[in-house]
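Single-letter residue listing:
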Amino acid sequence: MDYSPPPLFKQGASARARVVFFAVLAIFLLVVDSRLKSLTLARQVLGTVLYPVQMVAVMPRDTIKRVSDYFVSVTALEKENIQLKRQQTQNADSLQQAGQLMAENTHLRKLLDARERMPVKSVMAEIIYDARDPSTRKVIIDRGIKHGVALSQPVIDDQGVVGQVTRVFPLTAEVTLLTDKNQAIPVQIVRNGLRSVAYGRGQSSYLDMRLTANADIQNGDQLVTSGIDGVYPAGLAVAKVVQVENKATTTFENILCVPAAGIDRNKQLLVLLVSTDNLSRPDTEDVRAKKEKLNRKVTRDAAAPSSDIKPVDQPMKDLPGKDSAAKDVPAKESPAKESPPVVSKEPAQ
């Protein structure tokens, strides 16, 4: 029985023979290429020809990879953005405190420098809160009798005078600012040495000063403490003149000054521990109100006409023809008052 394939399906060499042939050929080419390097050019030409085919073959894979990376990147960016916003919110308080601490550090360095330059002892204090009365300009500091603070001691910052201690407690003290309506400070103009007194304006952040109309004062003049009151050391910066107003109806000039110190800005202050034992204590508000009422009453009584005063007679020199007679008549002496007779108290014999 014949099992050979029909002529249509006849093949050449067997599969085993072909495997052996191509295996030997591959080994031969490997040996020749490793020894002679003769197939490098053929490999380059073949790689160039097959490159477009390779790109087309890997295009679906690269497309899928790019799309996957895009969505992964967007998701990662969204998560990172949410995390950064949360971290920014958590660090906002710290960032603001860091800025405030840097400003306080700079101010404290300036205060320490001013403290070293001062000829008197001083103690550093910090403002705790403002006074309860909104119509006054007062603050409460965290230093008191225990730290050497006493009444009437001056309070400064790194730029100038801030105010004066007006009430003291064991651990705290009350400081009245220069801009308070009841506060006054003796000042002196640096340019010409002219002395005067500066007063607070209450809610305004400026100071008032009164001088005569012919006083030598100009815009931009620097005011310092004169030291004649025995409280403020001489030479401390107080204010700067910003406006000089001369009214024709008065003989005084209204001078507006801006304080040199950061009265409403700084939180750390310096209390000068000057001796105030020999100074008179400042009047309380009740005593001050009574004095003002008494002064107004005295002024009103002095201005009112008195009905008990008799009019003065016209002098004789105003009468015609009486000038020579008035000169010749001597002044009439007032008779001396006679003393009463002395009665003897001896007994009669």
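This text follows the structure it describes.
None of the values given here were measured: they were computed from a predicted structure.

Rules used in this analysis
Residues numbered from 1 in each chain as written. Predicted model: local features only at pLDDT ≥ 70, side-chain atom pairs only at ≥ 80, totals over all residues. Heavy atoms only, no water. Phe/Tyr/Trp six-rings, centres within 6.5 Å; stacked < 30°, edge-to-face > 60°. Buried < 20%, exposed > 50% of the residue type's maximum accessible area, 1.4 Å probe, protein only. Patch = residues over 30% accessible without salt bridge, like charges linked within 9 Å, V, L, I, M, F, W, Y side chains within 5 Å. Areas by Shrake-Rupley, 256 points an atom, 1.4 Å probe, with all protein chains shown as cover. Salt bridge = Lys/Arg side-chain N within 4 Å of Asp/Glu carboxyl O. Helix = DSSP H or I, 4+ residues; strand = E, 2+ residues; numbered from the N terminus. Pairing = 2+ DSSP bridges. Axes fitted to C-alpha atoms, helices over the stretch in contact; angles between N-to-C directions.

**As for the packing of aromatic side chains**
Here a ring pair, both rings aromatic, is described through the centre-centre distance and the interplanar angle of the planes. Per the stated rule, a full pass over the model turns up two aromatic pairs. Aromatic pair F21 and F22: ring centres 5.3 Å apart, planes at 70°, arrangement edge-to-face. As far as burial versus exposure is concerned, F21 and F22 are alike and both exposed. Between Y70 and F71, the ring centres sit 5.4 Å apart and the planes meet at 75°, which makes this aromatic pair edge-to-face.

**Quick look at a nonpolar patch on the surface**
Residues L41, V45, L46, V49, L50 and V53 make up a contiguous nonpolar surface patch of about 570 Å² in total accessible area. Looking at the secondary structure, you find V49 in helix 2 (residues 40-117).

**Comments concerning the sheet that holds strand 7 (residues 195-200)**
If you trace the six strands once around the closed barrel, you get 6-7-8-11-10-9, paired in antiparallel fashion. Ignoring strand direction, the axes of neighbouring strands in this sheet form an average angle of 40°.

**Focus on the pairing of strand 4 (residues 161-168)**
The element strand 4 is largely enclosed, with a buried count of six among its eight residues. Across three bridges, strand 3 (residues 154-156) lies against strand 4 in antiparallel orientation. Residue pairing across strands places V155 opposite G163, the latter belonging to strand 4. Counted along the chain from strand 3 to the antiparallel partner strand 4, the turn is four residues long. Sheet analysis places strand 4 next to strand 5 (residues 173-177), joined by five bridges and oriented antiparallel. Of the residues in strand 5, the one forming a bridge with G163 is L177. In this structure, the hairpin formed by strand 4 and strand 5 is closed by a connection of four residues.

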